[in-house]
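Observations on the three-dimensional arrangement
Each chain, letter by letter, is given below.
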Amino acid sequence: YAHPAYIRAIVERIKEALGDEDPAGYELIFSAHGLPQKIIDKGDLYQRHIRANVYHARRALNDAGIFFHKTHLAYQSRLGPMEWIRPYLEEKLQSFQYKKVIVYPIAFTIDNSETDFELSIEYAEVAHELGYAEYRVCRCPNDHLLFIQTLHELYLKMK
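Residues numbered from 1 in each chain as written. Predicted model: local features only at pLDDT ≥ 70, side-chain atom pairs only at ≥ 80, totals over all residues. Heavy atoms only, no water.

Describing the nonpolar core
Formed by 30 residues in total, the largest nonpolar core has its most connected members in I10, I14, F30, F68 and I106. Those elements that provide at least two residues to this core are helix 1 (4-18), strand 1 (27-33), helix 3 (46-63), strand 2 (70-76), strand 3 (100-104) and helix 6 (145-158). In terms of residue count, helix 1 provides more of this core than any other element does, 9 residues in total. The residues contacting F30, other than those within four sequence positions of it, are I10, I14, V54, A57, R58, L61, T71, H72, L73, A74, Y104 and I106. (Core = buried A, V, L, I, M, F, W, Y, C linked by side-chain atoms within 4.5 Å. Buried < 20%, exposed > 50% of the residue type's maximum accessible area, 1.4 Å probe, protein only. Helix = DSSP H or I, 4+ residues; strand = E, 2+ residues; numbered from the N terminus. Contact = heavy atoms within 4.5 Å.)

This is the structure we're talking about:
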C-alpha cells in the first residue's frame, strides 16, 4: 500500500481518467471493497492498510500538483443485513454538492468483471439518478509498467 511505484501507478490511472479537466471541479473517491465491521473489530488490518494506501495516494497527488475539490474514502460491495465498514459508496455519492466525480478502485490491482460492473454500471446509475454531470471510473493498475515494476521489486525483495 505504500510502495512508491505502486502509488505512482495509481496517480497515473487517476490522471488518465481526469484527462485535461481541472481536478478542482471534481470530487475524488477512493472506493475499497467493504468488509463486515465485525471482522475489523476482531483486529483485521484491511481497513488500516486501505487508509494508509489512500494517505500515500493523496500525498502523491498533491506532490504532482493535482488538487481535487475533495478526496474521500468509501466502501462498496456490502451484502446482507450486517453492519459493514463505512462510509458506504452510495451514501457518499448522495452527500456531494459537486456533481462531478472520479472513482478510483483503491482495493483492486486488476480490473475484474464484478467490480467493473458495480462501479461502471450500478453506481453510474446511482450517480445519474442523483443528477451527476460527470461520473468516471479509473482503471486499476493492471499491466501499467509502474505496477509491473512494483511486482518485480517485491519479488526480488522476497528472494
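Once the structure has been displayed, the description carries forward.
Re unusual backbone geometry
Along the chain, R86 connects to P87 via a cis peptide bond; the corresponding omega equals 5°. Looking at the element boundaries, P87 is found in the loop between strand 2 and helix 4 (89-94). If you check the backbone angles, N142 has positive phi at about 50° while not being a glycine. Within the secondary structure layout, N142 lies in the loop between strand 4 (134-137) and helix 6. Overall, the relative accessible area of 16% leaves N142 in the buried class.

Without other data, these values stay purely geometric and don't point to any function.
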